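Chain by chain, the residues run as shown.
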Amino acid sequence: MTRLQVASLARRSILRTLRQPAYVLPPLLFPTLLVAVNAAGLRPSTMLQGFPTDSFLAFAVAVPFIQGALFATMNAGTDLARDIQNGFLNRLALTPMRGSALLAGHLAGVIVMGFVQSVFYLAFALAFGVDIASGPAGAVMILVLATLISAGFGMLGAFMALRTGSGESIQAFFPVLFIFLFMSSMNAPRNLMTVDWFRTVATINPVSYLIEAVRSLVITGWNAEALLLGFAVALGLIIVSTVVASHALHVRMTRT
Amino acid sequence: MAYGIEVEGLVRVFKDIRAVDGIDLVVAEGEIYGFLGPNGAGKSTTVHVLTTLLPPTDGTARVAGFDVVSDGPKVRAAIGAALQEAALDPLLSGREHLRLQTALHGITKHERKQRSDDLLERVGLTAAADRKVRTYSGGMKRRLDLALALVHGPRILFLDEPTTGLDPQSRSALWAEVGRLAQEDGVTVFLTTQYLEEADVLADRVGIIDHGRIVAEGTPAALKAEIAHPTVEAIPADPEQRPKLARILEQFGELTQVSPKSLAVRLSGDDFGLADVVRALDAAEVHVEHLQLHAPSLDDVFLAKTGRTLEGAGSEQPEIADVT
């Protein structure tokens, strides 16, 4: 029965996502616009000695994958918070539904949207002349990693929703996530950062490793270290956010 | 007698607020029990405890023969609930709601469609089944809410203020359906309401709750007969005669003012009737332009038990179950 529960909740989650243009369009448009602006304005960076590629677009195109995943945090969280606020979660709690089915089903919409976004960003990159150094298999790997990252951030959003029960709180937290993005290696390789404190922050910022894993597949090829770190951070995010979200769900759904 | 709901010494405390403060009640199978009280009286908190959504702080409650604390899943399998504010997804259609609800209850694929179609027809939503819920009126949402509560054929139905905010026509339609569920299908109904008329019309028995305690319980007729006496309201033809009218009326009981123009007296016992009042007015040559006998209402019962009217008692404390 749990499989049916997950499938039904996943269907709802996907339908909800697709029926809200505000959930679909901004994650597609804003990251690509930002990378387009950056690619145009920061192109001279590629002249720096040691810069890993002569195309800033190829260097920066990893960023939309992460930025799009951040949208998953807000969208997934806001949706779940709305369910809590309007009592829909209570309706679900009165069925034999398992808590794990709720989280898994809820995440399905995030995963589908994360995959669609990733395909869009990849198509954008290819359309503007970016070569994927790791080849078609690398492109598939990018989609897998980006979808996992979306799932991790989506579960983080679910945790925040279950913890606060407030869509407004999640939206207020959203800009904080962007600080992690901007304080990472999104616009420059860490080894070329001349400001010590910024390099230190970027080095301890896990978002840097997510970006660098995707970036390595685009501009370097198969870089085992970068991929290992990227997948470790993504899986770590999924595990940690799932654990805290499960606990928050347990507290939130106090049914006997 | 078999009981659908048995509650003994039920207490639910939120920090320092005793939202439910020692409730005892039983509801027979197939009975409609009206739980009447103002906002914040503890109605919704009681429903949340009985539907297993909140653990009680103290006391015991058995629903459909199962303990709400130790047999939560069995209780949930036996009950349906339409909680306060129809909790629906505005982006889904009525049919999609039913599809989700039937699937979560583990109903087989073939049966899911049949059950959904039957329920949509039963609540009069077949034509609107594929419209998104955000286009539904308040009455349609409530009817869908009721259909969702019935998908798994529950023996006991909890309805938490099901007609709040509905127009009279939608309210009557919902009352008819609830009555039919109890009479024809033998469903036990636990209904909370702040509407006197709703409790009066629909409930076999009424429990009046205030500040977390049941202050009166019985059939509407018995409660009114036990506590309240009729009221006679009079408007003098000549406003100058108002003091004289008051002196006459107060011979028959406690004087109250219904409106600025009128005076009323709650008859103090079975010894007096409307005819006695008319004779007294006639003897004193007090002419009235309006004279009316008001039958006792549940509000009179509430007033007698709490010293306040039901309408005025609503805003004293928040509905705890809604803020947790």
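Each chain carries its own residue numbering, running from 1 in the direction its sequence is written. Each chain is given a letter, starting from A, and each ligand a number, starting from 1, according to the order in which they appear as written. For this predicted model, a pLDDT threshold of at least 70 governs which residues receive local features, and a threshold of 80 or more governs which side-chain atom pairs are given and counted, while totals over whole chains, interfaces and linings are taken from all residues.

So, the nonpolar core
By definition, a nonpolar core groups buried Ala, Val, Leu, Ile, Met, Phe, Trp, Tyr and Cys residues that connect through C-beta atoms lying within 7 Å of each other. Labels follow a simple rule on C-beta atoms placed from the backbone: if 20 or more others lie within 10 Å of a residue's own, it is buried; if 12 or fewer, it is exposed; otherwise it is partly exposed. In terms of nonpolar packing, the biggest core is built from 143 residues, with Val61(A), Ile149(A), Leu210(A), Val214(A), Val189(B) and Phe190(B) touching the most fellow members. For helices the rule is a DSSP run of H or I covering at least 4 residues; for strands it is a run of E covering at least 2, with both sets numbered from the N terminus onward. Examining the composition of this core, we find that 15 residues originate from one element, helix 7 (residues 135-164) of chain A, more than from any other. Counting residues in each nonpolar core, the second largest holds 12 residues, with Ala234(B), Val265(B), Leu267(B) and Val277(B) among its members.

Notes on the pairing of strand 4 (residues 58-63) of chain B
Residues in a regular strand project their side chains so that they alternate between the two faces of the sheet. Residues and elements named next belong to chain B. DSSP bridges decide pairing: two strands pair if at least two such bridges lie between them. Strand direction decides the pairing type here: strand 1 (residues 3-14) and strand 4, joined by five bridges, are antiparallel. The residue of strand 4 that forms the bridge with Val7 is Ala61. The pairing of strand 4 with strand 5 (residues 66-67) spans two bridges and is classified as antiparallel. Counted as the bridge partner of Val63 is Phe66 from strand 5. The antiparallel hairpin formed by strand 4 and strand 5 contains two residues in its connecting segment, where Ala64 sits at a positive phi of about 55°.

Quick look at the environment of Gly68(A)
Residue and element names in this part refer to chain A. Topologically, Gly68 is positioned in helix 4 (residues 62-85). Taking the number of C-beta atoms within 10 Å as the measure of exposure, Gly68 has 26 and is therefore buried. For the pair Gly68 and Phe153, spaced 85 residues apart in sequence, the C-alpha separation works out to 9.9 Å. We call two residues in contact when their backbone-placed C-beta atoms lie within 7 Å. In this view, Gly68 contacts Pro27, Pro31, Gln117 and Tyr121; residues no more than four positions away in its chain are not counted.

Re the sheet that holds strand 13 (residues 263-267) of chain B
Residue and element names in this part refer to chain B. Read across the sheet, four strands follow the order 12-13-11-14 without closing on themselves; strand pairing throughout is antiparallel. Lying at the two open borders of the sheet, with one neighbouring strand each, are strand 12 (253-256) and strand 14 (288-294). Direction aside, the axes of adjacent strands within the sheet are offset by 20° on average. Across six bridges, strand 11 (residues 231-236) lies against strand 14 in antiparallel orientation. When the sheet's bridge partners are listed, Ile235 is paired in strand 14 with His290. Fitted lines through C-alpha atoms give the axes, limited to the stretch in contact for helices. The angle between two N-to-C directions lies from 0 to 180 degrees. Against the sheet, helix 9 (residues 242-249) touches strand 11, strand 12 and strand 13, its axis set at about 5° to strand 13.

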